Amino acid sequence: MFLVDDLGWQDTSVPFSSEETPLNRRYRTPNMKRMAADGMRFTQAYACCVCTPTRVSLMTGLNAARHRVTNWTLRNGTHSVNDEGKHPMLEFPQWNFNGLTQTPGEKYTVYATALPELLHQAGYRTIHVGKAHFGALDTSGADPLNLGFDINIAGHAAGAPASYLGTEAFGNLHKSKKKPWAVPGLEKYHGQEIFLTEALTREANLAVDQAVEARQPFFLYMAHYAVHTPLNTDARFIQPYLDAGLDRREAMYAAMIEGVDQSLGDIMKNVERHGLTSNTVILFMSDNGGLSAVARGGEPHTHNRPLASGKGSAYEGGIRVPMLVKWPGVTAPASTCDTPVIIEDFFATILEIAGAAGLASRDVDGKSFVPLLTGNNKVADKEEGSSEDRPLFWHYPNWWGPNGPGIGPSSTIRKGDWKLIYFHLDQHYELYNLAEDLSEKNNQAQERPTLTNELANVLGDYLRDVQAQMPSIKATGKQVPWPGEDYLE
Ligand code: CA
């Protein structure tokens, strides 16, 4: 499983829309292209709008509304990671701000058996490399070894590195100020001219070598810190982007993407060197949409166009991400799948691929997309036992920090081509037809009250069913109404 952090839908040279876009021409990801040529490209793959909810859904198969790790985690015992308590109008719920755990009794966590634990039980060597971000500081879930990983390289509570540079010891030189973000381990690279992405790749390949030597099947969770901020200079790749006229920050971003692509290529090469290519499944995914609200070059909220907004937003720019799957002998070469899939589907899918589906002891929200990989897509895109489109859900009763289009507390449903967003702050609805209006410019909620009402009710019923949390309104002390609850046609 190859997971990139904050990689936008078009931030690759593989197009995930029907045609190549200017951004696809800007970025260079030749190894993703190779993977797409050998496997299946998903054009409508979704994650949550920020890091931790996505990662917990991947590890548990649960939708964020159910696992309640709805925002990003860091501090133990507080939900004020982003000054949520200071919001002028809304009081946010006590969500599971301590993250995911396999240890019973930890407060404000979701207690669940994680994917690597089940794969470990099935006989796989489970290898964590890179960013974890599953649990808050000083909780058991902060350490991937407590979630069923046999090996942990460089993962801990923080969701970003203090520095990508070996010459800065990946942030370990600034102990007082940047401690939560200083990357653990990797001491042998401290002081070297090496980018974090490359150091992680070398360690991942060594861990794979050891698994092969022990003749043990392996699950490599290669979760890069890149391309999350801070933007740093990867000297291997930056110059052509500067020469092409990109400003310094955008060139740094592009070079970090190319570094991740190089990592993908080097990992595939190592698998090939071991003669395991035909017996290795590779899944490529990003954990949320491309960052656009802060820290980038150029105008905020434009970096994912034609998608609206970016990371943190309920609009497509925040949640639609690049996804590839290469399963030799199963995925047809250079194939495309337009069926919407969502991050919690990976849990059931990976277990099915590994022959370990029987080990999962509880119901999950995600559905295996193995039928899509084999080309039998009549199953996975419909509701069970019905010809209706399967609804997908997002729930974010939280405050991220930055402001921008679609950023803020909201609940969302997508069913077929229709997407309804319910914004908690003023309880307004927005309805879009994504097939005709990918940029979400034409809100049809007013002109289609029946459909708006119907989708709002499906969304509201789902949220109540999974016991989702809602913010409350400070002025009245009342909970924000469920979607559909106050809707007057
Ligand atoms: Ca992220």
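The structure presented is a predicted model; accordingly, all values stated were derived computationally and were not measured.

S.K.: Let's hear about the coordination of the calcium ion: which residues, and what values?
M.R.: At this site the calcium ion is bound by Asp5 (OD), Asp6 (OD), Cys51 (SG), Asp287 (OD), Asp287 (OD) and Asn288 (OD1), with donor distances of 2.2 to 2.5 Å. Classification of the site at the calcium ion rests on its six donor atoms, whose angles at the metal span 53 to 154°, yielding the label irregular. Here the donor residues of the calcium ion share one chain and are spaced in sequence as D-D-x44-C-x235-D-N. Of this pair, cysteine 51 sits in helix 3 (residues 51–60) while aspartate 287 sits in the loop between strand 9 (282–286) and helix 10 (316–319), and the two are 236 residues apart along the sequence.

S.K.: Please set out the domain arrangement of the protein residue by residue, giving values where relevant.
M.R.: Taken domain by domain, the protein holds domain 1 (2–373) and domain 2 (409–473). Here the C-alpha centroids of domain 1 and domain 2 sit 27 Å apart. The interface is formed by 25 residues belonging to domain 1 together with 24 residues belonging to domain 2. Interface area for domain 1 against domain 2, summed over the two sides, is near 2,000 Å², with a carbon-plus-sulfur share of 57%.

S.K.: Report on the nonpolar core, specifying residues and quantitative values.
M.R.: One finds Met1, Phe42, Tyr221, Phe346 and Phe369 to be the most contacted residues of the largest nonpolar core, which totals 65 residues. When near neighbours in sequence (up to four residues on either side) are disregarded, methionine 1 contacts Leu58, Phe219, Leu220, Tyr221, Met222, Leu283, Met285, Phe346 and Ile350. Among the nonpolar cores identified, the runner-up in size contains 55 residues, and Met32, Ile194, Phe195 and Phe237 belong to it.

S.K.: Which residues make up the pattern of salt bridges, and what values do they have?
M.R.: All told, the structure shown has 21 salt bridges when counted by the stated rule. Arginine 202 serves as the salt-bridge partner of glutamate 198, at 2.8 Å between the closest nitrogen and oxygen. Linking glutamate 198 with arginine 202, this pair stays in helix 7 (residues 196–213), spanning four residues, or about one helical turn. Judged by its relative accessible area of 38%, arginine 202 falls in the partly exposed class. Measuring nitrogen to oxygen at the nearest pair gives 3.5 Å for the salt bridge that ties aspartate 461 to arginine 464. Of the two residues, aspartate 461 and arginine 464 both sit in helix 13 (residues 449–465), three residues apart, roughly one turn of that helix. It is possible to trace a salt-bridge network through shared partners that takes in Asp5, Arg55, Lys131 and Asp287.

Reading guide: rules and limits
Position numbers for residues start from 1 in each chain and track the written sequence from start to end. Confidence filtering applies because this is a predicted model: local features only for residues at pLDDT of at least 70, side-chain atom pairs given and counted only at 80 or more, and all residues used for totals across whole chains, interfaces and linings. Hydrogens are left out, water is left out, and the side-chain values use all remaining heavy atoms of the structure. Only N, O and S atoms count as donors, using a 2.8 Å cut-off from the metal and 3.2 Å for Na, K and Ca, and because water is excluded some sites may appear unfinished. Four donors are marked tetrahedral only if all angles between them lie between 85 and 135 degrees, whereas four are marked square planar and six octahedral if opposite donors are more than 155 degrees apart and the other angles lie between 65 and 115; the remainder are marked irregular. Helix numbering and strand numbering both begin at the N terminus, where a helix is a DSSP run of H or I of at least 4 residues and a strand a DSSP run of E of at least 2. These domain limits were set by an automatic method or by a database of domain assignments. Whether two residues touch is decided by their heavy atoms; if any such pair falls within 4.5 Å, the residues are in contact. Note on terms: buried area is the combined drop in 1.4 Å-probe accessible area of two parts once they are placed together, counting the loss on both. Definition of nonpolar core: a set of buried residues of the types Ala, Val, Leu, Ile, Met, Phe, Trp, Tyr and Cys, connected through side-chain atoms within 4.5 Å. Buried residues are those whose accessible area, probed at 1.4 Å on protein chains only, stays under 20% of the maximum for their type, while exposed residues exceed 50% and partly exposed ones sit between those limits. Only one rule defines a salt bridge in this text: a Lys or Arg side-chain nitrogen within 4 Å of an Asp or Glu carboxyl oxygen.

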